[in-house]
Every structure is written in C-alpha cells, then in structure tokens.
Amino acid sequence: MKSIFIGFNNIVTKINKAMVYITGIFVLFMSIMLTIDVLLRYFLNSPTGWAFDLATWGTGLVGLVLGGYVMSIGKHVRVDFFFEKFSLRVQSIIDMISALFLFLIVFSFVWLGFDYVTHYYNIGAVSTGGTQMPLWVQWLIIPIGGLLIGLQGLSKFIEDIYIIITGKKLYDTDGVTVTGSNSVGSGEVV
Amino acid sequence: MDIALVGTILFGSLVLFMALGIPVGFTMGGISLILGFVFWDGLPSIDGFVLGSYSKTTQAVLTALPLYIFMAAILMYSDLADDLYEVVYRWFGGVRGGLAAGTTFISAVFAAMVGVVSVSTATLGMVARPSMLKRGYDDKLTLGVIMAGGTLGILIPPSIVMIVFASEAEVSAGALFMGGVIPGIVAATLFMIYAYIVCLLNPEKGPAIPKEERFTWKEKFVSLKSVIIPLAVIIVVLGSIYLGVATPTEAGAVGAVGSLVAAGVRRKLTLPNLKNMFLMTAELLGLIFWILIGAVAYARIVSVTGVGQAFAELITGVDLNRWWILIFMIIFFLIIGMFIDTVAALLITAPFFIPALHAMQFDLVWFGIIFVIACCVGNLSPPFGVSLFIMKGVAEDVSIKTIYSAVWPFVVLLLLSMIIVMIFPQLVTWLPEVMRN
Amino acid sequence: GGGGSATTGGNSEGEEVQEEKVYKLRMNSQNAPPTDKESSSYIAQEGFKKMVEERTNGRVEVELYYANQLAGQSESLDALSRGTIDMQVITPVAWADKIPESNWSSIPFGWKTEEDLHYLLRESGLGDLYEEALNEYGIKPLFYYHSSLAGYFSNVRIAEPADMKGVVMNTQGTLKGDFYKKMGAGIANIPFSDYYEGLLRGTVDAVSFPTYAVETYKLGEVAKYLIVPGEVSPAMGLITINQEKWNQLPSDLQDIIMEVSMEIEQQSMVASKKLTDKGINYAKENGVEVVELSDEARKEFVDIAKETYWKAFGETNDRTKKMVEILEANSEK
Ligand code: NA
Ligand code: NA
C-alpha cells in the first residue's frame, strides 16, 4: 500500500517537473518570436499578426500548468510566520484544509474546463486573434492545469493523512533543492 | 444580509486562513468558491470563477510577466554581478564608505536590468557581501545596503510589480516604467548619502582600502569594459520602449534575447545554467499565476456582494481630506506588507482600493509609483519580507535578528522617498512629460 | 441565475401590504464608469438603470458593474448565457470568436451616420439576423447605443487609402488586419491602456477610436491628426440580457423594459452626434488637425473593405452572407 502511494507521488512529481522544461523552452521560443515580430514591424512594417496572440495565450498556458510544479517544491506563497512554529502534525492538519480549498478549485477547473472545451468544440469556436486557433484547444489549459496541480495536491494529501496517523513523513522529500545553489527564499514572489 | 456582516465574513475568513498558513492563492480561490456559491446564485458563480481564471491568465498585459522573469533568470545565472562589483571595488574602494555607496549604485544598475527583487538581492548578497566583510565593513551596514539596493528592482524599471499594478488599475505599464525612474534614483541617492555619512561618522564601519592595494587608473578603466553588457541590456529594454520600437511587453522579449546573447558572449549559456534559468522562471511564474487565479475570483466576490463599493463609499464618504484617506490606505498596505508578499498584498487590496482611488480622482500612475515604493518597504519590513529571507538564504552565518535590525534605517529612507514623491508629484510626471516633447 | 427577492411594496400607510417580487438584474459592463452625463455611454447605462427602476416602481433593480468586474470581455458571453450575470454591455465584435456574426459591428466603412446604422439595425433585417445568432446562444439583445463617430487618431496624415502605406495601425483580429495589410499598413496590437503611450512613443502611428477620446482620454495630446469619418461611424455598444432571465420577468415588466430600451436608443443617437461634434471641436481648439475624408476617398476605403473584411465575413456562414448582402445594398443606396 505504502509503496503504491510512493510510486504515485514519484510519477506525479516527475510529470510536474517535466513542465519546467516544456514551459522553459516555450518562454524561450516566445522571447525569440516576439523579438522577431518587433523587428518585422519596425523595419519592414509587416509583423506576423499571430506572434503576440500566441504569446498571450502561451502566458496563460505556462502559468496554469506550473501550479503542480510549484506545489511539488512547496513554494506556493503562504504566511509562514505562525505555520513554521507548528508541529509536523498540526502543519499537516492545516495542509489538509488547504487541500480542501485546492480541490474545490481543481474540481471547478476540471469539470467546467472540460465542459467548455467540449462546448467550444461543438460550436466550432475559433480565436479571432491572429492565431486562429480553435478555442477548445486554447481552453485545454484550464482542465489540464487543474489536473496537474490536483494530482500533486492529492499526493500531498495522502502524505498529510499518513503524517497525522504515524507522525512521520511518507516521501523522502528532504534535500530536494530545485533552484540550485541560488535558491530563491521560501514562498515569495519577487 | 447586512453588508458589514458580509464584509466581515469575506475579509475575516481571508485573514484567518492566511494566518494559519494556507497558501494565499488557495485561500482566496477557496473562499471565493464557497462564498460565491452562497452569495452569487450557486452554480453560475463557478462558471464565473472558471471564466475569470481563463481571462485573467490570458490577459494581454500579463504577457510581459514570463518575459521579464525569464530575463531576470538569465541575468542571474550569467554572473554579471561579479564583474560589476569589480568595477565598484576598483573605483570606490579607496574612499571611506566607498564600497557601501558603490554597492548601492550597482544595485540600482542591476535594478534597471531586472524587474524582480530576489535577483539583485541574491546576486549582490553572494558577490558584494564577502568582499565588503573582508575589507572590514560593518556587517549590518553591508546587509542593509544590499537589501535596500535590491528592493529598488521593482521601483527602477522594468518591474514586475508595475506590470501587475498596470493590469489591476488599467493604466499603462509604459507610463509607470517611465514614472519610476526618478523616484528610483532619489531613493538610491538617499541610500548612498546615508552609507557615506555613517562611514564618515564611524570610520571603523567602512574603512578605505590601504593605499598600496589601490588600483591604477589604467586598471580602473580596463574594468569598465564589463559595464558594457549591462548597459547594453538597459539601453535595449528602456531604449526600445522610449523610442517606440517595442511596447513595454515586447521590450521584455527583446531584453530576454539581449540577455541571452550577453550570456552567450560571456560563455555562460551552459546546459546546467539553462536548466537553472528554466527552474527559476518556472517557480516564479507558477506561484504568481496561482495567486492571480485566487485574486481575480476574490475581487469578483468583493464586487458582486457590494462590499467593495460599500468600502469605497465608506472611505470617500468619511469627512476627511482625500490625502488623509490616501495616507491611511498606504499605512494599511504597509501593515499588510509586514506579513505577506507585496504582489499578493497588491492583489488582495486592489478590489477595495482602486475604485476608491478612482472616486477620489487621484492620478493612478502617480499613485502606482507611491504604491511601488510601499512595496519596496514591504519587501524590507520584518517579519515577512522577500529581501530578508533571501539575505538569510545567502548569508547563512547571520541571524535573522541581525538582518531585521539592519534594514530599519533603509525602511525609514524609503518612507522618506515616498513622502518626497507625495509632496512633489513632478518627480513622477516630469520625465514622461519631458520625453513627450 | 435567480437573484429575485421578496420585499414589501404598497402604500406607506400600511392599509394593504402587498407582496411584490423585486427582480434584480446584474449588469456587467465592459466600460469604465462614465463621468460625462451627456455621453451615450452614460445614458445607455446609468440612464437605462434609472428609467427602468422609475417606470417599474422599483420592481426591477439594475445593478451596474463597470470595467469587466464580473466577467472579462470575451468571456462575458458564456457568463451571460449561463446566468453568472444577467445583463452585459458589450461591443458585439468582442464575442466574434464564439458567434462569428458579431464581426458585423466592426465592419469597416459599413455605414455613414446614426440614421444609416439605425436603418441597418432596425429596418433592413441585419439586426434581426444578428438577433437570431444571439438567441441561439441563449441571449436576447435589448438595444444598441450609438457612441459617436470613431476616427483615426494618427501621427500620419491619412487622406486616402494610399496614405496608409507604411503606417503602423493598431488593430485586432485577422479580418481587420487583412483590411489594413491590403493597403500596405503594418499592424500592431497594443492594449487600450497603452494607446496613449503607444502614440506618444510611436510604437503605433494610428489607432481607431471614438472622437470623444480627444478630450477624455487625452489622445489629442499625442496625435497630430484626427481623421474622420473613421472606419466605424458611429461606433455602437449593445445591451443584452440572458434569455431565461428575460422569460422570468412578467410581461408588463418586459414591456416597460422594451419601451425604455427604444427610448434610450433614440436618446443615444442624439447624444452620439453631439459627442462627435464636441470631440471634433475640441480637437480643432487644441491643435489637432482634423482631416475630413472626401467622398471619393471614402469610396476607395469602402472598396478595399469590400474586397477584404466584407468578403471574408460574408463567407463565414449563411447568415453572414445575408448580412453582407444587406450592407452592400445599403452602401449602394
Ligand atoms: Na527593475
Ligand atoms: Na514585509
């Protein structure tokens, strides 16, 4: 049983960490694409007309699918002033309340997100910006983003239950340093 | 239901769950879904939540965020700070307190390149601090100038906080960028003067380098070549906006590509570095966007329940000079800023403040700058401040207590800058005005 | 959405206390709160609210939420059809991704005057075709408000299509983009909040916007020329209601709301003209050169619009085909 949970956590964490590279390459591509677009407009008066539109949607894509990754490294911004003084058990109880909030969000994203995806598919809605992408494709970022953070949340939730019962951690997450030696502090934005 | 009661439930539950340590974005999102269900006709409010999340995250103004964050990440991992610091060391090392003032100067230059506080603070903390300590500089002074200088990253353009403010208040990000330049210089100058005076009064806090260790003029000038790349990045970003080549958003892309080139030239574009750049970009983006999702939902609940309007009416209806109201808002924000991240604080207060500011007919660009200075204070003010935690991360040998006590003088100086900008709005409006003609 | 609540009506002396249902309508608006009481936007929103509440003796309450407070522009369509909001103030083109017929509202050089637009909407059958499309989405259009002529705020003097060559025009959507590209213009896409800075710094050379913007949005400070009539003259906004919500209203209330709607629409036409004149005069007095397109030049613009936007729009579906036929017939009158 325990090994199933650990295996589940490993898979989910791996998927979410893979998002870092997918989004990283996308942002790199966005930067180059927009720079070319600027040059095309400034020198040739003929920008692409789709680059900015793609980047704007891509920003939503990137932001939404990274929720799970940030969760996996425990960096969602929180006021840890009191939190860090609590025992592991109390922290887990609070994290369970936090999971309930998260699951409400995830449930809405997945359920209504897919509802909109199918609706836009059925009516054949197409983005009027430059990309002319089908709207249902664009809307996939909502249910997928929700699913990614939801799975990570579920994995964390399982550990919280385990901690409350046994008082010990379930996954070996100590020593996970992600941003390398220059790690940005805990839970802040800029 | 009585509006005051609804307001108490809305705000009270937010404070309670956040204080417990539930992530800000989940708290705002979860509360909004529950209260939305109750006060906003049940299921349709969930549609509102999902639609709002999609439109906010794909809002054109926010396209700037991944670009500027990526740019910051590139600069962070290309070790530019090392070379810049070498310049300061060679030029100002011989003056008493010179390194402290020079570090502030480099911070300002760094701030003009990146829009996030964490990058300048972390890099300078790693580069400048050991060197200053080795030269016998006072630890508190060293910590203070680095943290204070780093926080200017959001006041001197480009700036992530300004982009988020522009999106909330529907003002031009470009106008905010230009408006922040002079106040940023004012604050940096105050820091430098302070550092110099402290060392003048207490020579042991900032000794000059011994004569025999000083650099020749030739060595000084040679070091300047490392300023070229940072200058080029600044010129590319701010110049392209100013000259109308690129919009502020596009300038982020141009800056990112420029920084990539610079990193390549310096042979810093290795795979491990690229990986670190991606990791940093992903972390900041993911956490900002998941606050945004909660914040947009919360803002809508504040609207639909009428609490926001009631608050705005309460504030504007008070028989007080509108300046007092403005000051109370800032004090309120500063208090929140003591406990929570400034971008999160902005997103929490915006639904209450922006309508009230509109009603009182304050210039939102000018207010935006004052607000960003308040964010700088928020980053420094204990107990919760980005700059403080990063400093603690980089300077592991120092206690958080020492860090807390090191920032106070700079918090005061920032408040002084804020007062100066309030009294002389021209400091914000002058540069955009001049650039127009 | 529900949102109705029971309150006590009847006379003040309390002889007869009659329970009367009060219908609350949440009206989300894409506009910032209007300050000018003579503007069509003010009349269409605040004026509508006031008149509806008065004439129904408070049985209908309109709650206004400005600046997309409850739903973003594009998403407001689904928010409205699913009852998240009850009413929406919108420029139809913002819904074109889901209802392609909405593109008609942004069609370049489709009409010349308030009367012309009124004819198209209320007599020619174009308005009915669009209403059909909205009905399919569960939405009922109530009325349009005319919001003054939209001209080009430009730093390049544009007197005929040939002058568009090399101009960086701010525009949105592929259809519009193709229209400008055909004339050799470059296109840019900056958000409304950056128009002022965009014109100031020259990121864009021209934007299309209602003339009142010379004064209220200060675009006159950063544009040398105001070219009139621009691509949509006049521009318009649409006030819509969720069909189910509408059906819940007793027929006497429906009648009152329709009556108010038609009155407001008429008032907005008058206001629109005044606003246009006000904008143009303000521009002249403040050093902005007003360039009036000659009939010939306008004709040339119309021809290019027909080859591009009109044509592509007409090819979308059967309904848009009919809509373009109506526009063609009208333009040849
Ligand atoms: Na900056
Ligand atoms: Na703080």
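Remember, predicted model here, so these are calculated numbers, not experimental data. (Residues numbered from 1 in each chain as written. Chains lettered and ligands numbered in written order. Predicted model: local features only at pLDDT ≥ 70, side-chain atom pairs only at ≥ 80, totals over all residues. Heavy atoms only, no water.)

**Thoughts on the overall build of chain B**
For chain B, the helix and strand inventory stands at 21 helices and zero strands. Its C-alpha atoms put chain B at 80 × 50 × 45 Å along the principal axes. Within chain B, buried positions represent 66% of all 437 residues. Once local pairs closer than 6 in sequence are excluded, the contacts in chain B between residues at least 24 apart make up 80%. Accessible surface, chain B as shown: approximately 14,400 Å² in total, 70% of it carbon and sulfur. Charge separation in chain B, taken as the distance between the mean sites of 22 positive and 24 negative side-chain charges, equals 14 Å. (Helix = DSSP H or I, 4+ residues; strand = E, 2+ residues; numbered from the N terminus. Buried < 20%, exposed > 50% of the residue type's maximum accessible area, 1.4 Å probe, protein only. Contact = heavy atoms within 4.5 Å. Areas by Shrake-Rupley, 256 points an atom, 1.4 Å probe, with all protein chains shown as cover. Lys, Arg positive; Asp, Glu negative; His and termini not counted. Charge placed at Lys NZ, Arg CZ, Asp CG, Glu CD.)

**A word on the overall build of chain A**
A tally of regular secondary structure across chain A gives seven helices and zero strands. Mapped from its N terminus to its C terminus, chain A presents α and β elements in the order α-α-α-α-α-α-α. Overall, the C-alpha framework of chain A stretches about 65 × 45 × 30 Å when taken along its three principal axes. Total accessible area on chain A is roughly 8,200 Å²; 70% of this is exposed by carbon and sulfur atoms. In chain A, which carries 11 positive and 11 negative side-chain charges, the distance between the mean positions of the two groups comes to 8 Å.

**Focus on the packing of helix H9 (residues 160–169) of chain B against helix H10 (residues 173–201) of chain B**
All names here are of chain B. For the pair H9 and H10, interaxial distance at closest approach is 9 Å and the crossing angle is 135°. One element, H9, and the other, H10, form an angle in the oblique class. The way H9 lies across H10 gives a crossing that is right-handed. Of the residues in H10, those touching H9 at Met-162, Ile-163, Phe-165 and Ala-166 are Ala-173, Leu-176, Phe-177 and Gly-180. Residues belonging to the contact of H9 with H10 are distributed by class as follows: seven nonpolar, one polar and no charged. (Axes fitted to C-alpha atoms, helices over the stretch in contact; angles between N-to-C directions. Parallel < 35°, antiparallel > 145°, perpendicular 65-115°, else oblique. Left-handed = near helix turned anticlockwise from the far one by under 90°. Nonpolar A, V, L, I, M, F, W, Y, C, P; charged D, E, K, R; others polar.)

**Describing the packing of aromatic side chains**
Residues and elements named next belong to chain B. The final tally for this structure, using the stated rule, is 39 aromatic pairs over all chains. With 5.5 Å between their ring centres and 85° between their planes, Trp-323 and Phe-362 make a pair best called edge-to-face. Placement of the pair is Trp-323 in helix H16 (residues 322–339) and Phe-362 in the loop between helix H17 (342–359) and helix H18 (364–380), with a sequence separation of 39 residues. Under the relative-accessibility criterion, Phe-362 is labelled buried at 8%. (Phe/Tyr/Trp six-rings, centres within 6.5 Å; stacked < 30°, edge-to-face > 60°.)

**Points about the interface of chain A and chain C**
Each partner contributes to the interface: chain A provides 20 residues, whereas chain C provides 18 residues. Summed over both sides, the interface of chain A with chain C buries roughly 1,400 Å², with 51% coming from carbon and sulfur. For the chain A face of the interface with chain C, the top three residues by lost area are Arg-41, Asn-45 and Thr-128 of chain A, together amounting to 36%. Inspection of the chain A/chain C interface yields one salt bridge. Put simply, Asp-115 of chain A and Arg-82 of chain C hold a salt bridge, and the shortest N to O gap is 2.8 Å. Taken together, the connections running from chain A to chain C amount to five residue pairs in polar contact (both at pLDDT 80 or more). Of the residues in the side of chain A that touches chain C, the class split is nine nonpolar, nine polar and two charged. (Buried area = accessible area lost by both parts, 1.4 Å probe. Salt bridge = Lys/Arg side-chain N within 4 Å of Asp/Glu carboxyl O. Polar contact = N/O pair within 3.5 Å; in protein donor to acceptor, adjacent residues only side chain to side chain.)

**Regarding the pattern of salt bridges**
All names here are of chain C. Counted under the stated rule, the structure contains 34 salt bridges over all chains. Linking Glu-263 and Arg-55 is a salt bridge whose minimum nitrogen-to-oxygen distance equals 2.7 Å. Residue Glu-263 is located in helix H9 (residues 251–285), and its partner Arg-55 is located in helix H1 (residues 40–55); the two are separated by 208 residues in the primary sequence. The partly exposed category is assigned to Glu-263, whose relative accessible area is 32%. For Lys-273, the salt bridge is made with Glu-115, and the minimal N-O distance between the two is 2.5 Å. Taken together, the residues span a long stretch of sequence, with Lys-273 in helix H9 and Glu-115 in helix H3 (residues 114–122) at a distance of 158 residues. Relative accessible area serves as the criterion here: at 41%, Glu-115 is assigned to the partly exposed category. Within the structure, one salt-bridge network assembled from shared partners comprises Glu-101, Glu-132, Glu-136 and Arg-319.

**What to know about the nonpolar core**
Formed by 282 residues in total, the largest nonpolar core has its most connected members in Trp-139 of chain A, Tyr-68 of chain B together with Trp-104 and Tyr-130 of chain C. Among all residues touching Trp-104 of chain C, those that are not within four sequence positions of it are Pro-92, Trp-111, Leu-117, Leu-121, Leu-126, Tyr-130, Tyr-144, Met-236, Phe-313 and Met-323 of chain C. Formed by 27 residues, the second largest nonpolar core is a distinct cluster that contains Tyr-23, Met-87, Ile-256 and Ile-264 of chain C. (Core = buried A, V, L, I, M, F, W, Y, C linked by side-chain atoms within 4.5 Å.)

**Points about the interface of chain B and chain A**
At the junction of the two partners, chain B supplies 77 residues and chain A supplies 68 residues. Counting each side, the surface lost to burial between chain B and chain A is near 6,600 Å², with a carbon and sulfur contribution of 77%. By the criterion of area lost to chain A, the three top residues of chain B are Phe-26, Tyr-54 and Trp-290 of chain B, representing 12% of everything that side buries. Between the two partners, chain B and chain A, sit two salt bridges. The interface formed by chain B and chain A contains ten residue pairs in polar contact (both at pLDDT 80 or more). Among the elements that take part in the side of chain B that touches chain A, helix H14 (residues 271–304) of chain B stands out by supplying 16 residues, more than any other.

**Quick word on the confidence of the model for chain A**
Residues and elements named next belong to chain A. Residues at a pLDDT of 70 or more form 90% of chain A, whose mean pLDDT is 87. Taking the mean pLDDT of every element in chain A, the minimum, 78, falls on helix H4 (residues 80–83) and the maximum, 96, on helix H6 (residues 135–139). Confidence drops under a pLDDT of 50 for residues 174–189, and excluding neighbours within four residues, the segment shows 43 contacts in the predicted structure. (pLDDT = per-residue confidence, 0-100.)

**Description of the confidence of the model for chain B**
For chain B, per-residue confidence averages 85 on the pLDDT scale, and 98% of positions sit at 70 or higher. Overall fold confidence (pTM) sits at 0.87, and the ipTM for the predicted complex is 0.89.

**What about the pairing of strand E5 (residues 139–146) of chain C?**
All names here are of chain C. Within E5, eight of the eight residues are buried, which leaves the element mostly enclosed by the surrounding structure. Both E5 and strand E11 (residues 236–242) contribute to a ladder of seven bridges, which runs antiparallel. Among the inter-strand pairings, Tyr-144 is bridged to a residue of E11, identified as Leu-238. (Pairing = 2+ DSSP bridges.)

**Overview of helix H19 (residues 386–394) of chain B**
Among all positions in H19 of chain B, only Val-386, Ser-387, Leu-388, Phe-389, Ile-390 and Met-391 of chain B are buried. Packing partners of the buried residues in H19 of chain B comprise helix H7 (117–134), helix H8 (139–151), H18 and helix H20 (400–423) of chain B.

**Details of the packing of helix H1 (residues 2–44) of chain A against helix H7 (residues 141–166) of chain A**
All names here are of chain A. Two elements in contact, H1 and H7, have axes separated by 9 Å at closest approach and are oriented at 145°. Taken as a pair, H1 and H7 cross one another with a handedness that is left-handed. Between H1, through Lys-2, Phe-5, Phe-8, Asn-9, Val-12, Thr-13, Ile-15, Asn-16 and Met-19, and H7, the contact on the second element is made entirely by Leu-148, Leu-151, Gln-152, Leu-154, Ser-155, Ile-158 and Tyr-162. Looking at the contact of H1 with H7, its residues break down into ten nonpolar, five polar and one charged.

**Examining a negative patch on the surface**
Residues and elements named next belong to chain C. Judged by side-chain charge, Glu-160, Asp-295, Glu-296 and Glu-300 come together as a negatively charged surface patch. In this structure, Asp-295 sits in helix H10 (residues 295–314). A relative accessible area of 71% places Asp-295 in the exposed class. (Patch = residues over 30% accessible without salt bridge, like charges linked within 9 Å, V, L, I, M, F, W, Y side chains within 5 Å.)

**Observations concerning the side chain of Ser-32 of chain B**
Residue and element names in this part refer to chain B. Mapped onto the secondary structure, Ser-32 falls in helix H2 (residues 24–39). Using a relative accessible area of 5% as the deciding quantity, one classes Ser-32 as buried. Filtering out sequence-adjacent residues up to four positions away, Ser-32 remains in contact with Phe-37, Gly-294, Ala-297, Tyr-298 and Ile-301.

**Focus on the environment of Lys-278 of chain C**
Relative to the helices and strands, Lys-278 of chain C resides in helix H9. Apart from residues no more than four positions distant in its own chain, Lys-278 of chain C is found in contact with Asp-36 and Glu-215 of chain C.

**Points about the sheet that holds strand E6 (residues 150–154) of chain C**
Residues and elements named next belong to chain C. The strand order across the open sheet formed by six strands is E8-E7-E9-E6-E10-E12, and the pairing between neighbours is mixed. In this open sheet, the two strands that pair with only one neighbour each are strand E8 (186–188) and strand E12 (289–292). Taking each pair of neighbouring strands and ignoring which way they run, the sheet shows an average axis angle of 35°. Pairing between E6 and strand E9 (residues 206–210): five bridges, direction antiparallel. By the bridge assignment for E9, Gly-151 is matched with Phe-209. Strand contacts of helix H5 (residues 174–182): E6, strand E7 (168–170), E8 and strand E10 (225–232), with the helix running at about 150° to E8, the strand carrying the most contacts.

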